[in-house]
Amino acid sequence: MSCTECLELLGPYVDGELTDARRAEVAAHLGGCADCAGRVEMLTGLTQSLREGLVRYPAPDLLEARIRASLEEPRQSSRTTTRASTIARFAVAGVLIAVASSAVTAVAIRHGARDSALEQAVLSSHIRSLMPGHLTDVASNNQHNVKPWFNGRVDLSPTVPLLDSLGFPLIGGRLDYVASHSAAVVVYARRQHLINVYSWPTSRSDAPPSTVSEHGYHLVHWRASGVELWAVSDLGLPELDAFVATFRGAR
Amino acid sequence: MSQREVARFEQIVLPHLDDAYTFARYLLRDEHDAQDAVQEAALRALRHVGGYRDGDARAWLLAIVRNCCLTLQHKRRDHEARHPDDAIEMLPSRAPATDARAIRSSDRALLERAVAALPTEFREVIVLREVHDLSYKEISRVTGAPLGTVMSRLARARERLAIALRPTQEAG
């Protein structure tokens, strides 16, 4: 075998893509040719550094959640229960928005690692909740159904103001788990948008509302009377601020 | 879509999601674009899973991912052609090496950079081979290129990488 012929086969040789007969021919040539043998050594080294050095990227949880949501959607749409279908419609809208927004990802937020991780957890939970069937454990537009449902399920009795007349109908409530907190979540709607209000007990002192915006989602965070609260939505920020002000002012 | 198709999708496509995302990351060199491409690929796979016949599910999915990536890339190119100021190539910068760990991570960054700098048709074969460990036949199936073309592209990709990586190898 000539060097020219051999050089052609060195890649397949290193990749284990040659027939046994071909492989033996190349091996025989390599035994007597330092140039080609050196080349094999280089190729092997290169392959090894690429295999060890190149990163494998795990698919982000949110991507998988978005894909799973697109599986659920057609199954859900065949159901016709009135309350469930209303919620499904909101949820589907939410999912479509999540899908359409190209940048719904676990992006690092650039302040305070602890709060940033918490924001991310709240946002992930919000997006998960938009999948059909995940939004509410108790679906009701009556605060007297929603509020008592939380009794014995979480360590606080969440505020469930009725804001219908202000354009924020109550959708229901659910139990969620956010960054190792059992959270009471009260769900409101505004047109086709959903607002999740998370609350759980905290020992930290009161804090006025502060806002973080993350690729089309807004998170408003505050603490009052030993309760940590997060309101999350893809609603425009002025409307979400108005909601938060109304929510805080209501009894 | 039937329950059966959804079940098939869960069984055939979801196990290869990490592969799909990794391949898209290397093709598009952008995490957001990669997520969009994989999302789109999953939707296409879902539509066609009924027609999928038993075989190599991973190669089948990667071929779909590749098509979605190329479509997205063409859209971006059109956009960049109209808005040339947006066309800034983002590649990892090389960190100065100070200790053993930093040297290793800078080697890694250099590898990533060398691979990112390859033209797409070379980059895809090298990634399918070295990251996904696909055989030539599988690479041919994913890229739609004949075996001979796969072989010559791999060889040329390796030539370029060997040149790009030479300085560290001598220093190392």
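Details of the structure are given in the entry above.
In this text, all values refer to a predicted model and were calculated from it rather than measured experimentally. (Residues numbered from 1 in each chain as written. Chains lettered and ligands numbered in written order. Predicted model: local features only at pLDDT ≥ 70, side-chain atom pairs only at ≥ 80, totals over all residues. Heavy atoms only, no water.)

A. Looking closely at the interface of chain B and chain A. Listed as interface residues are 38 residues of chain B and, on the opposing side, 36 residues of chain A. Interface area lost by chain B to chain A is led by Gln-35, Gln-39 and Glu-130 of chain B, which between them contribute 18%. Here chain B is connected to chain A by five salt bridges. Two residues, Arg-129 of chain B and Asp-15 of chain A, come together in a salt bridge whose shortest N-O distance is 3.1 Å. In this structure, the connection of chain B to chain A is made through 15 residue pairs in polar contact (both at pLDDT 80 or more). (Contact = heavy atoms within 4.5 Å. Buried area = accessible area lost by both parts, 1.4 Å probe. Salt bridge = Lys/Arg side-chain N within 4 Å of Asp/Glu carboxyl O. Polar contact = N/O pair within 3.5 Å; in protein donor to acceptor, adjacent residues only side chain to side chain.)

B. Main features of the state of the cysteines. All names here are of chain A. Applying the stated criterion across every chain yields a total of zero disulfides over all chains. Cys-3 takes part in no disulfide bond, and the closest cysteine sulfur, belonging to Cys-33, lies 3.7 Å away. Take Cys-3: its relative accessible area is 35%, and that puts it in the partly exposed class. The thiol sulfur of Cys-6 is not disulfide-bonded, and the nearest other cysteine sulfur, from Cys-36, lies at 4.1 Å. (Disulfide = S-S within 2.5 Å. Buried < 20%, exposed > 50% of the residue type's maximum accessible area, 1.4 Å probe, protein only.)

C. Layout of the packing of helix H1 (residues 3-14) of chain A against helix H3 (residues 34-53) of chain A. All names here are of chain A. Between H1 and H3, the shortest axis-to-axis distance is 10 Å and the interhelical angle comes to 25°. Between H1 and H3, the crossing angle belongs to the class labelled roughly parallel. For the pair H1 and H3, the crossing hand works out as right-handed. On H3, the residues that touch Cys-3, Cys-6, Leu-7, Leu-10, Gly-11, Tyr-13 and Val-14 of H1 are Cys-36, Arg-39, Val-40, Leu-43, Thr-44 and Thr-47. Partitioning the contact of H1 with H3 into residue classes produces nine nonpolar, three polar and one charged. (Axes fitted to C-alpha atoms, helices over the stretch in contact; angles between N-to-C directions. Helix = DSSP H or I, 4+ residues; strand = E, 2+ residues; numbered from the N terminus. Parallel < 35°, antiparallel > 145°, perpendicular 65-115°, else oblique. Left-handed = near helix turned anticlockwise from the far one by under 90°. Nonpolar A, V, L, I, M, F, W, Y, C, P; charged D, E, K, R; others polar.)

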